[in-house]
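# Structural overview
Residue strings, one per chain:
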Amino acid sequence: MVLLTVVYYRFPADRIIWWTGIGLSSFAAIVVGVRLNRPAHAASWYLLAVANLSFTIGEVVQVIQTNYLHQTAFPSLADAFYLAEFVLYALGVWGFIRWRTAHQDRGSLIDALTLTVGLALLSWMYLVVPYARNPELTWFQKAVSIAYPLGDVLVLAMLMRLLVPRGGKSPAVVLLTVGTVGLLVSDVLYGLIQLHGVWRIGTPVELGWAVLYTAWGAAALHPSMVELTRPIPTQPPDISRGRIALLAVASLIAPTMLVLEVTQGDAANAAVIGGFSAVLFLLVLSRLAGVVLNHRHAVERERVLRMAGASLAGAVTVEQVADAVRTAASALVPAEPAHVALLAVGDEGTLRADGDGPIEVEPVRESRLVPVATLDAGLAARLEGAPSALICPLVLEKRPSGDPLIGALVVGGTEHRLTALWGTLDILAGQAALAVERVVLNDEINRRNSELYFRTLVQSASDVILILRADDTIRYASSSADRVLGYPSLDGQALTDLVPPEDSRAVNQALLRMRTREQAEQREHWRLLRGDRTVIEAEVRWNDLRDDPTVGGLVLTLRDVTDQRQMERELTHRAFHDSLTGLANRVLFQDRVGHALSRSGRRGTVTGVLFIDLDDFKVVNDTQGHAVGDELLVAVSLRISTALRTSDTAARLGGDEFAVLVEDALSPADVGATASAVLAVFEEPFKLSSGAVRVAASVGVATTEDSDDGAELLTHADLALYSAKAAGKRQWCHYRPALQAGLVERHELNESLDEAIAEAAFALYYQPIVDLISGGLVGFEALVRWPHERRGMVLPEEFISLAEESGQIVPLGAWVLERAVAEAARWQRQTREERAAGGRGPLRVSVNVSGRQFRDAGFVDTVRRALDQSGIEPSTLVLELTETVLMRRDERVRTDMQMLGDLGVQIAIDDFGTGYSSLSYLREFPISILKIDKSFIDGLGHSQQQYALVEGIARIADTLGVQVIAEGIENTVQRDLLAAMGCPLGQGYLFARPLTTDQAGLLVQEDARPAGLHIGGRG
């Protein structure tokens, strides 16, 4: 276009060629520029292109009319195209104004109107008025002539409105301004020449129109042309001295013109000047009102920003910063229905908005107002239908922590509202940037403090932390490695060097699984070698942090669990083994029985179970103490183990009960042979620390020939053991089905016993105790019997043991005691006078007391209550105890016996000589009577040695002041021998069998007669 302009001025005669080329080049440049730069709103640029095209067409039409058609008519078709240019230009520039300022800057609009009105007055006075007063022109010619300066005024108004707002003075705006000024200058000069001279082509006046074409085409081609349709933020009203001066000059144009008119004595235009002055005055008032309104808005925005600043200053998290920003944005645009504010913060190079989930926001360095439709779909959905979004970057140029871009403030709303608040939201974004940076720095400080804290913890922790390289060498080891593993430094050492050679393959496989993530369990148990080559056990936890840039390796945490594993093994051993003997306990034994039965079923072999119980072990425990008893149990366990094969299992089930599991036997006879071998180990005495102790055992045997169920097999062995003890002990017995029936019978008897005790369904029988010299009645021994409705009379040896096992012996013994002393008291009352007259004391009654009953805490009270209720003389009550009660020798036994002695009750030792008889009992305890067992009496008259033994007992007892009663006297020879050796009293079938209560009562009455009663006496 510049080249064509130069050619035109060189050859003005060819005006139609060159001027048309200039116009079309400008049109083409604008179209090409729109296609290249793609502005957001291209319509305004196309209007400018059409305006240039219209101007060019007007030039061509005018040249054709004047040069070729020789027509000089005015107005012509060319004028229509010329005037259309003004309209098209105004529409195009109005589009720029609309998209750039969005009608938000009322002050700039008034300033532009003030300048335009002032300059329009000059155009009116020097162009419009002369045309209006020209008498040579018709009214239509006047109208067309006046339209030209009015079009220039319209163009001037649009230019002023485009330029007055501050900001956005891009090269494209400058070029458009230059072209428009060129148009206005050439139009004004053309109009003045038309009024006062002759128009010629090729003059400098046409240069302005050439500038118009060139500048507008260049503006469209420049990349900054897109900014003309892009909103610019509203700036505070410019009240600089330059603007005030321009406005003052524009406002003074009308008064100046009026003064000139008056000075020249021509007041014809005074009304017009006055009208322009009035308009200027109204514009000034409107400007002042706008300043006041802007001040109010500024104060409100300042208040909102101040409150936001206070909230941001107190925020300690990014979420709190986002809440403060949203609150401030809501206060700035409270009436905006589609308003949404989001705060996006930098996260690993991208911006992510707060809310329900992360949404990426495109990083920007400058504030931008964009359509929501151009944003990320997730972000657009969060803006809730807002048509536009203002993205204000959170930037700190001298940010100490890295990238100046911290984040972005995204505000959704209408374009006009966002443009009006652009500057305020930029300030809010700046405050938010400072707040976010403060939060980030505070978090960084806390993180570093935490790192220091955790580093200190790691260095002082007892666990060892290792970081492995890809080749399984150690890159980092915590300081605890020296304490736990004994290595001052492990850097570069292979992990496999820390494990025993036999474990290295398993460790390598575990590391491979860790790296390939095939192992879900994040815990391993390894053996490790210390620096001194000792082996420790370690629990290993792992975490694959090879993708973490701060770690970049496989992290292992090692904990020394050597003591813990040792304790676990010990606890496991204790859970399945007897703590005293080290043998298997009941749980392990039952488990092994189950496995053995499974194997024997597959192999076709015989599995046997032996139940072993020590005979009279309680006597050893009571006489020699629990320490000796425990030592004996250990010795027994060793001997039993020596009698077994390696495939057999010995176990201690509890107390003095042992068990043996015999596996892979060919026949039940092999199991019996094992039982015989076990019994054989008891033939020799056990040498303990306190001396030699002899003990025997009973064994019950059961095999898979009888049952292949584990629980049933154990039950069978227990029944066989019970049978062996009942058969006399010191032997082994094989299970027989009949034993099961005996067990059922015993169970039924036990159930009947409970009911019988509750109903007192027992009977007392009384066996007389007589004077062996005179044959007179001295007393009775109360004997309990159980009249069973189905079994008949059940003897004590059948149910007393059941009562002791179940604890029912206590209430049963109390009933026997109360019933016996009540009967004895009645007999004493009946015979007191007769027996006193004969020089005999009152009848006495002996009651048997079991060891379980005597050890009951309320036994002494039971005796005291029986004495009080019956009224019997305490000295006539004899409590018969077995030697096992006395063998305990504890303080409780001594105290109870002393309390009974204080009551006046006599104590007798029953079945003396059958147990671990010791005459020391007579010295240690308040014993009044000794009852010699029937087994000693049976030998009298047949064995001199037996005679001497009984005589010795009787003489020693007499020396100690203890009375002797002989039990089981069945013939006169036994009676006479006992009487001869000084034994005063006796009882047995020779005198009478046990009597019922009524029979005993008759015997008492007969004995009380004056003639007396002699029951088998010598005289």
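Every chain's residues receive numbers from 1 upward, in the order its sequence appears when written. Totals for whole chains, interfaces and linings use every residue, but because this is a predicted model, local features are given only for residues with pLDDT of at least 70 and side-chain atom pairs only at 80 or more, for both listing and counting. Excluding hydrogens and water, the side-chain values take into account all heavy atoms of the structure.

Per an unreviewed UniProt entry, the chain goes by the name EAL domain-containing protein and belongs to Kitasatospora arboriphila.

### What to know about the overall build of the chain
For clarity, the threshold we go by: Strands here are runs of E lasting at least two residues and helices are runs of H or I lasting at least four, both read from the DSSP assignment and numbered beginning at the N terminus. The classification of residues rests on relative accessible area computed with a 1.4 Å probe and restricted to protein chains. Under 20% of the type maximum is buried, over 50% is exposed, and intermediate values are partly exposed. By definition in these notes, contact holds between two residues if any of their heavy atoms fall within 4.5 Å. Residue exposure ignores everything except the shown protein chains as possible cover, and the areas themselves are Shrake-Rupley values with a 1.4 Å probe.
Scanning the chain from N- to C-terminus turns up 34 helices and 27 strands. Of all 1019 residues assigned to the chain, the portion counted as buried reaches 46%. Counted over contacts in the chain with a minimum sequence separation of 6, partners at least 24 positions apart contribute 67%. For the chain, the exposed surface amounts to about 49100 Å²; the carbon and sulfur share of it is 57%.

### A few points about the sheet that holds strand E18 (residues 732-734)
Here is the rule: Any two strands are treated as partners once DSSP identifies two or more bridges connecting them. Here the axes come from fitting lines to C-alpha atoms, over the contacting stretch only for helices, and the angles between their N-to-C directions go from 0 to 180 degrees.
Spatial ordering of the open sheet is given by E13-E14-E12-E17-E18, a layout of five strands whose pairing is mixed. Across the chains shown, the open sheet's two edge strands, defined by having one partner strand only, are strand E13 (649-654) and E18. Between one strand axis and the next, the sheet turns through 20 degrees on average, direction left out of account. As paired elements, E13 and strand E14 (residues 657-665) share five bridges and run antiparallel to each other. Across the sheet, arginine 652 pairs through a bridge with phenylalanine 658, a residue of E14. Strands strand E12 (606-614), E13 and E14 of the sheet are contacted by helix H18 (residues 586-603), whose axis makes an angle of about 20 degrees with E14. Packing against the sheet, helix H20 (residues 626-642) makes contact with E12, E13 and E14, and its axis sits at approximately 10 degrees to E14.

### A short note on the pairing of E14
With seven of nine residues buried, E14 lies mostly within the body of the structure. Here E12 pairs with E14 via seven bridges, running antiparallel. Paired with isoleucine 612 across the strands is phenylalanine 658, a residue of E14. A loop of two residues connects E13 with E14, the two strands running antiparallel in sequence, and glycine 655 in this loop sits at a positive phi of about 60 degrees.

### As for the packing of aromatic side chains
What counts here: Stacked, tilted and edge-to-face are the three classes applied to pairs of Phe, Tyr and Trp rings, where Trp contributes its six-membered ring and a pair requires centres within 6.5 Å; stacked means planes under 30 degrees apart, edge-to-face means over 60, and tilted covers the rest.
Under the criterion given, the structure shown has seven aromatic pairs. Relative to tryptophan 786, the ring of phenylalanine 762 lies with its centre 5.7 Å away and its plane at 45 degrees, an arrangement referred to as tilted. Here tryptophan 786 lies in strand E20 (residues 777-788) and phenylalanine 762 lies in the loop between helix H23 (737-759) and strand E19 (763-771), a separation of 24 residues in the sequence. Residue classification places phenylalanine 762 among the buried residues on the basis of a relative accessible area of 7%. Taking relative accessible area as the criterion, tryptophan 786 reaches 2% and is therefore assigned buried. Between tyrosine 766 and phenylalanine 780, the ring centres sit 6.1 Å apart and the planes meet at 75 degrees, which makes this aromatic pair edge-to-face. With tyrosine 766 in strand E19 and phenylalanine 780 in strand E20, this pair connects stretches of sequence that are 14 residues apart.

### Some words on the environment of glutamine 946
Looking at where glutamine 946 falls in the secondary structure, it is placed in helix H32 (residues 944-959). Relative accessible area serves as the criterion here: at 19%, glutamine 946 is assigned to the buried category. Taking the C-alpha atoms as reference points, glutamine 946 and serine 935, separated by eleven residues in sequence, lie 9.9 Å from one another. Not counting chain neighbours up to four residues away, the residues in contact with glutamine 946 comprise Ser935, Phe936, Gly939 and Leu940.

### A short note on the pattern of salt bridges
Just so we agree on the cut-off: We define a salt bridge as a side-chain nitrogen of Lys or Arg found within 4 Å of a carboxyl oxygen belonging to Asp or Glu.
Under the counting rule described, the total for this entry stands at 30 salt bridges. Note that aspartate 861 and arginine 864 form a salt bridge whose closest N and O atoms lie 2.9 Å from each other. Highlighted residues: aspartate 861 and arginine 864, both in helix H27 (residues 859-870), separated by three residues, approximately one helical turn. With its nearest N and O atoms 3.0 Å apart, the salt bridge here joins aspartate 938 to lysine 934. Taken together, the shared-partner salt bridges connect Glu781, Glu880, Lys931 and Glu967 into one network.

### A short note on helix H33 (residues 972-980)
Definition in use: The arc in question is the one spanned by the directions pointing from the helix axis to the C-beta atoms. Pairs of N or O atoms within 3.5 Å make up the polar contacts considered here, provided that, within protein, one atom can donate a hydrogen while the other can accept it, and that residues adjacent in sequence are counted only when both atoms are side-chain atoms.
Listing the buried residues of H33 in full gives Gln974, Arg975, Leu978 and Ala979. For H33, the buried positions fall inside an angular range of 130 degrees around the axis, keeping them on one side. Where H33 begins, the capping side chain belongs to asparagine 971, and its oxygen is found 3.2 Å from the backbone nitrogen of valine 973. Looking one or two places after H33, you find glycine 982, whose phi comes out positive at around 95 degrees.

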